[in-house]
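Residues per chain are reported as follows:
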Amino acid sequence: MAFTPLKSKRLPAVKSKRPDQRRTARCEISRGLILTLALATASTLSAAPEAPWRLRLSVATITATHPDLETLFRFPWITGSSCGPTARCNIWQVTWRINTWLQATALNQLPVQDRTLFEKVWPAPGDSHGITSLDYAVLANTAAFVSLTLQGKHSGGYPTPFTWAYSFDSATGLPLTLEDLFSSEGRQALNQDVRRQWKPMLMAALANETTDFLNDDEKASRRDYYSQCLEAILNDESAADTMVLEAGRLTLTRDCPFPRVARALNDLGQLSVSYSGETLKPWLNDYGHCLFEHEPDSFCPLPQRTSPHPGAYRGRVHQGEMISLIIGMGPDADQAAYSISDNRSLRRLEGRLTTPLELIGPDGQGRFLLEPDHNGTLRGSWKNPRGVTRPVHFSN
């Protein structure tokens, strides 16, 4: 809560030297000061927002130069530029969640303060496999959300450019999905509109047999990949696989499943469709309306889910070891992982975003069974690889 300081005013001097006049003047001054302070306090209290303190996030840059490629790598590091009273401030939790999600999903590691170990993704000496360039761009940074992209090149025998989009709720640090922005009926309508625009493009590509420069095997592969893409768009829960959120605009994209060795066969490139906030208005929920229609400094409360929200969580096992948990996107909780006692080594998990949430390690080694409560925290049990089951609580 920001208190506006009162401007002090010089009080008029009391010229009379008579004791009774001096006493009267002092009483009048005291009553005036009390009244002024009372009015100022009442005004401050009446203007106090009911919403939590609005965090201000900043994006710093972590850099490193590849010793052989001599390429400068840049990666975002989220910090808090301002915060409210300590009792109401969760800025450390918010920035930890965002930085952890970014590094876990992009670099397969947990963050260290102001550092990113690019060595884990760089090509090893004498090996061409790895990320050969990496940079980022901030698309939006408002009081409600922060949105950015990572772009670079990955070499696995064939150099392949990539762009990954991320959007986070500024009050919680949780990654945003279409489910957060749209009503159930709105998501269905949005998917129908996306399919309406992408289906004719894919049908035309499948009908195009004028690609004389391709041999028969290449033509067959091209038809197969486009057929798989069309089937996925028509049948998947979401037609798009990536959303790019900006101030007043939403862009949805999808990459057809052409492998790197066959990217040249994909003459459509990445499928993309963009919507203005005005176009999306009939499909948005309250949170979505707040993001697209309110002022940039508006507070927008993220709606509670009945199932665990994707994101980074931190908890303790029965007053014992600390656990960092990554709950991935999509119905299969893609890229779910956990780490014990901040050793920065992530262990993969598999599961589905259901209630209760069950995440299981490779070969059944390790198992989380979790449910969200009304505060958005996760409670349940953790069965470690040794077969010992203990209660676990991940705070919000």
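Since the structure is predicted, the reported quantities are computational estimates derived from the model, not experimental observations.

Novice: It is not clear to me how the overall build of the chain should be interpreted in this structure. Could you clarify?
Specialist: Along its length, the chain carries seven helices and 17 strands. In the chain, buried positions account for 41% of the 396 residues. Relative to all contacts within the chain whose residues are 6 or more apart in sequence, the contacts with residues 24 or more apart total 54%. Carbon and sulfur atoms provide 52% of the accessible area of the chain, an area that totals close to 21500 Å².

Novice: What is the right way to look at the sheet that holds strand 5 (residues 159-169) in this model?
Specialist: Within a sheet, adjacent strands bond to each other through the backbone by hydrogen bonds, running parallel or antiparallel. The strand order across the open sheet built from three strands is 3-4-5, with neighbouring strands paired in antiparallel fashion. Every other strand in the sheet has two partners, leaving strand 3 (130-141) and strand 5 as the edge strands with one partner each. For this sheet, the mean inter-axis angle between neighbouring strands, taken without regard to orientation, is 15 degrees. Two elements, strand 3 and strand 4 (residues 145-155), share ten bridges in a ladder whose sense is antiparallel. Looking across to strand 4, one finds that Ala 140 is bridged to Ser 147. Set on the sheet, helix 2 (residues 91-107) makes contact with strand 3, strand 4 and strand 5; between it and strand 5 the angle comes to about 160 degrees.

Novice: Explanation requested: the environment of Pro 123 in the structure shown.
Specialist: Note that Pro 123 resides in the loop between helix 2 and strand 3. Residue Pro 123 is classed as buried on the basis of its relative accessible area of 11%. C-alpha of Pro 123 to C-alpha of Ser 155: the two residues are 32 residues apart in sequence and 8.2 Å apart in space. Beyond its immediate stretch of four places on either side in the chain, Pro 123 contacts His 66, Ser 128, His 129, Gly 130, Ile 131 and Thr 132.

Novice: Just checking my understanding: could you explain the pattern of salt bridges for this structure?
Specialist: A side chain with one charge may pair with a side chain of the opposite charge, provided their charged atoms come close. Taken as a whole and judged by the stated rule, the model has nine salt bridges. Of the charged contacts in the structure, one is a salt bridge between Arg 74 and Asp 135, with a shortest N-O distance of 2.4 Å. With Arg 74 in strand 2 (residues 72-82) and Asp 135 in strand 3, this residue pair connects regions lying 61 residues apart in the sequence. Accessibility expressed as a relative area gives 29% for Asp 135, which makes it partly exposed.

Novice: What is the right way to read the state of the cysteines from this model?
Specialist: In total, this model carries two disulfides according to the counting rule given. For Cys 229, the disulfide goes to Cys 256, at an S-S distance of 2.1 Å. The disulfide joining Cys 229 to Cys 256 has a torsion of about -70 degrees about its S-S bond and is therefore left-handed. Here Cys 229 is found in helix 5 (residues 216-235), whereas its partner Cys 256 is found in the loop between strand 7 (249-254) and strand 8 (271-276), with 27 residues between them in sequence. Under the relative-accessibility criterion, Cys 256 is labelled buried at 7%. The residue that forms a disulfide with Cys 290 is Cys 300, at a sulfur-sulfur distance of 1.9 Å. Disulfide Cys 290-Cys 300: torsion about the S-S bond near -80 degrees, hence left-handed. You can see Cys 290 sitting in helix 7 (residues 286-293) and its partner Cys 300 sitting in the loop between helix 7 and strand 9 (311-317), a full ten residues away along the chain. Cys 290 sits in the buried class, given a relative accessible area of 7%.

Novice: What exactly am I supposed to notice about the packing of aromatic side chains here?
Specialist: What characterises a pair of aromatic rings is the spacing of the ring centres plus the angle enclosed by the ring planes. Taken as a whole and assessed by the stated rule, the structure comprises 13 aromatic pairs. Here the aromatic rings of Tyr 275 and Trp 283 are separated by 6.1 Å at their centres, their planes lie at 75 degrees, and the arrangement is edge-to-face. Summarising the burial analysis for this pair, Tyr 275 and Trp 283 share the class buried. Ring pairing ties together the aromatic residues Tyr 338, Phe 368, Trp 382 and Phe 394, which thus form one cluster.

Novice: Teacher, can you tell me more about helix 5 here?
Specialist: Two residues of an α-helix separated by three or four positions point the same way, owing to the 3.6 residues in each turn. Its 20 residues give helix 5 an end-to-end C-alpha distance of 29 Å, which sits within 8% of 28 Å, the value for a rise of 1.5 Å per residue. Every buried residue of helix 5 is listed here: Lys 219, Arg 222, Tyr 225, Tyr 226, Cys 229, Leu 230, Ala 232 and Ile 233. One face of helix 5 carries all of its buried residues, which in axial projection span an arc of 165 degrees. Away from the buried face of helix 5 by more than 90 degrees, exposed residues Asp 216, Asp 217, Glu 231 and Asn 235 are located.

Novice: Sorry if this is basic, but what is going on with the nonpolar core here?
Specialist: Taken as a class, soluble globular proteins show a tendency for nonpolar side chains to be buried jointly. Counting 60 residues, the largest nonpolar core has Leu 252, Leu 291, Leu 325 and Phe 368 as its most contacted members. At six residues, the largest contribution of residues to this core is made by helix 4 (residues 184-207). The residues contacting Leu 252, other than those within four sequence positions of it, are Leu 178, Leu 190, Val 194, Trp 198, Ala 240, Thr 242, Met 243, Leu 271, Ser 272, Val 273 and Tyr 275. Counting 29 residues, the second largest nonpolar core, distinct from the first, contains Val 94, Ile 131, Leu 134 and Tyr 166.

Novice: Even after reading the chapter, I still don't get unusual backbone geometry, so can you show me in this structure?
Specialist: In terms of backbone geometry, most residues other than glycine have negative phi values and most peptide bonds are trans. Positioned with a positive phi, Glu 70 is a non-glycine residue whose angle comes to about 55 degrees. Examined against the element boundaries, Glu 70 turns out to sit in the loop between strand 1 (56-65) and strand 2. In this model, Asn 108 sits at a positive phi of 60 degrees, which is unusual for a non-glycine residue. Along the chain, the position of Asn 108 falls in the loop between helix 2 and strand 3.

Novice: Where do I start with the pairing of strand 9 in this structure?
Specialist: Each regular strand shows side chains that alternate between the opposite faces of the sheet. Counting buried positions along strand 9 yields six of seven residues, so the element is predominantly enclosed. Here six bridges tie strand 9 to strand 10 (residues 322-327), and the two strands are oriented antiparallel to one another. Bridge pairing in strand 10 places Arg 314 opposite Ser 324.

Thresholds applied
- Residues numbered from 1 in each chain as written.
- Predicted model: local features only at pLDDT ≥ 70, side-chain atom pairs only at ≥ 80, totals over all residues.
- Heavy atoms only, no water.
- Helix = DSSP H or I, 4+ residues; strand = E, 2+ residues; numbered from the N terminus.
- Buried < 20%, exposed > 50% of the residue type's maximum accessible area, 1.4 Å probe, protein only.
- Contact = heavy atoms within 4.5 Å.
- Areas by Shrake-Rupley, 256 points an atom, 1.4 Å probe, with all protein chains shown as cover.
- Pairing = 2+ DSSP bridges.
- Axes fitted to C-alpha atoms, helices over the stretch in contact; angles between N-to-C directions.
- Salt bridge = Lys/Arg side-chain N within 4 Å of Asp/Glu carboxyl O.
- Disulfide = S-S within 2.5 Å.
- Phe/Tyr/Trp six-rings, centres within 6.5 Å; stacked < 30°, edge-to-face > 60°.
- Expected span 1.5 Å × (residues − 1).
- Arc of directions from axis to C-beta.
- Core = buried A, V, L, I, M, F, W, Y, C linked by side-chain atoms within 4.5 Å.

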